[in-house]
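Residue-level structural notes
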Amino acid sequence: MMRAAMIMGMAVALAGCGLGGHRPDPAPAAAPMQSAIPAPEAITSSALPTPDAVRPEALDTATKAERAAATAPTGEGTRIGTTVASLGDPTEAGFWLRTPLVSAPAKGRVTVGGASVAVDLIPLDAERGAGSQISLSAMRMLGLTLTDLPELTVYTL
């Protein structure tokens, strides 16, 4: 008797879940929706970047005189710390470092692996250990690639 009552209870529970008994007919299929987004156009060869467009030399607008001035000896200066730097805005010309190591614009220099370059130090609104952004021209003068994340030693002059 107990067994019959359990089986009956399970049958009722399964019927309520749709796992047993009669299943209703599925809803009729809706008509396919029309996309409001047009299909992408084929990419032509004129839409692709030229080989020069992806080379750092093509983006670096520093003149020979600016490069010479940036690498001229400037004296030791005052060491203010180290920072990991990534490439900043590559369209912003000049030799600069945006860094939380300074609270006001200043002249300075950065070094890495024996290379040194004079830069404008620009305050970056971030915590001191957050890292910095360096200009394309400064990265190139330090012998770095665009994807490097060097640890720079920073000096004020």
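One can find the structure itself at the top, above this paragraph.
Residues numbered from 1 in each chain as written. Predicted model: local features only at pLDDT ≥ 70, side-chain atom pairs only at ≥ 80, totals over all residues. Heavy atoms only, no water.

Take the overall build of the protein chain next. Within the protein chain, the secondary structure is distributed over four helices and six strands. Shown N-terminal to C-terminal, the secondary structure of the protein chain runs as helices and strands in the order α-α-α-β-β-β-β-β-α-β. Considering the protein chain as a whole, with its 157 residues, one finds that 24% of them fall into the buried category. Restricting to contacts in the protein chain with at least 6 residues of sequence separation, those with at least 24 account for 71%. Total accessible area computed for the protein chain in this model is approximately 11,000 Å², and 62% of it derives from carbon and sulfur atoms. (Helix = DSSP H or I, 4+ residues; strand = E, 2+ residues; numbered from the N terminus. Buried < 20%, exposed > 50% of the residue type's maximum accessible area, 1.4 Å probe, protein only. Contact = heavy atoms within 4.5 Å. Areas by Shrake-Rupley, 256 points an atom, 1.4 Å probe, with all protein chains shown as cover.)

Bringing the nonpolar core into the picture now. Within the largest apolar cluster, 19 residues are counted, with the highest numbers of intra-cluster contacts made by L97, V110, V117, V119, I134, L142 and L152. Going through the elements one at a time, β3 (106-112), β4 (115-123), α4 (136-141) and β6 (151-156) are the ones with two or more residues in this core. Among the elements that take part in this core, β4 stands out by supplying three residues, more than any other. Beyond its immediate chain neighbours, meaning those up to four positions away, V110 contacts L97, A115, S116, V117, V119, I134, L142, L152, T153 and V154. (Core = buried A, V, L, I, M, F, W, Y, C linked by side-chain atoms within 4.5 Å.)

On to the environment of L146, then. Positionally, L146 belongs in the loop between α4 and β6. C-alpha separation for the pair L146 and G88, spaced 58 residues apart in sequence, amounts to 9.6 Å.

With that settled, consider the pattern of salt bridges. According to the stated counting rule, one finds two salt bridges in the structure shown. Among the ionic pairs, R98 bridges to E92, the shortest N-O distance being 2.7 Å. The exposure class assigned to E92 is partly exposed, which follows from its relative accessible area of 28%. As a salt-bridge pair, D120 and K107 come within 2.6 Å of each other at their nearest N and O atoms. Of this pair, D120 sits in strand β4 while K107 sits in strand β3, placing them 13 residues apart in sequence. Residue D120 is classed as partly exposed on the basis of its relative accessible area, which comes to 33%. Given a relative accessible area of 55%, K107 falls into the exposed group. (Salt bridge = Lys/Arg side-chain N within 4 Å of Asp/Glu carboxyl O.)

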